[in-house]
Amino acid sequence: RSCGGSAMKRTENPFHVLRPALGVLVSEAQVLPATGQAMEDQAIPDLEEVYDQRTGGAGKVQTILETPNRRLYRKVELIPRTKQHVFRYFLDGSVRTYFVGTVIEHDRSSPVQVAQVGAAAVRREDDGRIHIAEVQRKLLLMLDKSSLSDVLWHALEQAAASTPGLEVVDTSQDDGYLEAVHVEERRSRGAHKANWKMREVEIAIARELQRTEDEWLILDGGLGNEYMDWKGPPLIGVAKSFRRDVQFHLGTGPQAQRLTLYALLARLEVGHRTCVFPRWPGESREGKVVFWYVRIRPQRGLDYPLMGVVKVEMPNPSQEPVDSELVDWISGALVAERSVTPYGRDSRWHAHLYPIYIAETVIKNHFYSPQVLKAAIRWPERRG
């Protein structure tokens, strides 16, 4: 057919890079395709909260790591972009994982999962316009190497090596998330592995962005162990989900305070922050990352004290107390980011920062939809 005098091009299958590796599985082993084509797998429970819990050390905090402020709560002055443009870059990642079948080799088997992982950074201009600064994405083919022969795995790696844009991933190997959640079920391990690969992409972008010392970056989520010895331009992690089992034992004698996280945040007023605490209390790395909480929305109309609050984490390689004025400045600029929110589009709308929402939208728009993926992934026919 022709349209306007020129031949119409056939749309190329966006997942054609999978075909050589899938062909190896079909030729070297038996494959049971997923019923109804690809099925989405998600990492459960909330990874941000679990990872925060497992990487934050013991859940008892006894130290305030800022100077000169020693008060538990501190009001901050809003610093809108029109007054001082503090945060220039915003970074978020996304992942979609699908179960596409089971490969059977003699008496062993492994789930076969495909994942799109990636992250996007956006840059905001002084007039408020937001531009894409960096986008990275990967296509993963994930299997349990421990359940396959070395011959089959080697053939898979060779097929992937000759296919740009595809990485074969071993889900039997632990990573930061899998060590934290201790997942054994193999499809769940694949979903968690894909989320860790997304985190690796986020870290790579954070390192590669060309920023000055005046251009702060906000990452969506906590920093975990990966930013303890950060040497690049300044950044903070802003987490909407965080551990809830922390106990705060502050001070001694009659003035001592013993608070759960819920009690701490119930008293935190909008436009206020808590004092700064060290991660990994009682360990040699104590204070290499510090954290505090900021209420960006009033409690009125929200369901419970943790809503409307974000946890802020910042690298602190020196492990020395952080300057209180710096924390006030960061927090004041952060509260001013609350103005626009995707209400109803996300259950965590109350803690959203609009530029982070834009970064998330950018990377999701670079993914192929579930409908495209299900229609495009086809197992090759076995020959012979």
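Just above, that's the structure.
Being a predicted model, the structure only gives us computed values, none of them experimental.

**Regarding the sheet that holds strand β15 (residues 257-260)**
For step 1, the next point in the chain: Pairing is mixed across the open sheet formed by three strands, whose spatial order is β5-β14-β15. The outermost strands of the open sheet, each flanked by one partner alone, are β5 (60-61) and β15.

**Notes on the packing of aromatic side chains**
For step 1, the next point in the chain: Tallied over the entire structure, the rule returns ten aromatic pairs.
For step 2, the next point in the chain: Pairing Phe277 with Phe291 gives two aromatic rings, centres 5.6 Å apart and planes at 45°, and the pair type is tilted. Placement of Phe277 in strand β17 (residues 277-278) and of Phe291 in strand β18 (residues 289-295) is noted, with a sequence separation of 14 residues between them.
For step 3, the next point in the chain: Classification of Phe277 as buried rests on a relative accessible area of 0%.
For step 4, the next point in the chain: With a centroid separation of 5.8 Å and 85° between ring planes, the pair formed by Phe291 and Tyr293 is classed as edge-to-face.
For step 5, the next point in the chain: Judged by relative accessible area, Phe291 falls into the buried class, the value being 4%.
For step 6, the next point in the chain: One aromatic cluster is present, formed by Phe242, Phe248, Phe277, Phe291 and Tyr293 through successive ring pairs.
For step 7, the next point in the chain: The ring of Phe99 carries the charged tip of Arg187 above its face, separated from the ring centre by 4.0 Å.

**Some thoughts on the pattern of salt bridges**
For step 1, the next point in the chain: Going through the model one piece at a time under the given rule, you end up with 25 salt bridges.
For step 2, the next point in the chain: Of the charged contacts in the structure, one is a salt bridge between Asp52 and Arg279, with a shortest N-O distance of 2.8 Å. Here Arg279 lies in the loop between β17 and β18 and Asp52 lies in helix α2 (residues 47-55), a separation of 227 residues in the sequence.
For step 3, the next point in the chain: Take Asp52: its relative accessible area is 7%, and that puts it in the buried class.
For step 4, the next point in the chain: Salt bridges linked by common partners bring Asp52, Arg279, Lys311 and Glu313 together as one network.

Conventions we followed
Residues numbered from 1 in each chain as written. Predicted model: local features only at pLDDT ≥ 70, side-chain atom pairs only at ≥ 80, totals over all residues. Heavy atoms only, no water. Pairing = 2+ DSSP bridges. Helix = DSSP H or I, 4+ residues; strand = E, 2+ residues; numbered from the N terminus. Phe/Tyr/Trp six-rings, centres within 6.5 Å; stacked < 30°, edge-to-face > 60°. Buried < 20%, exposed > 50% of the residue type's maximum accessible area, 1.4 Å probe, protein only. Lys NZ or Arg CZ within 6 Å of the ring centre and 35° of its normal. Salt bridge = Lys/Arg side-chain N within 4 Å of Asp/Glu carboxyl O.

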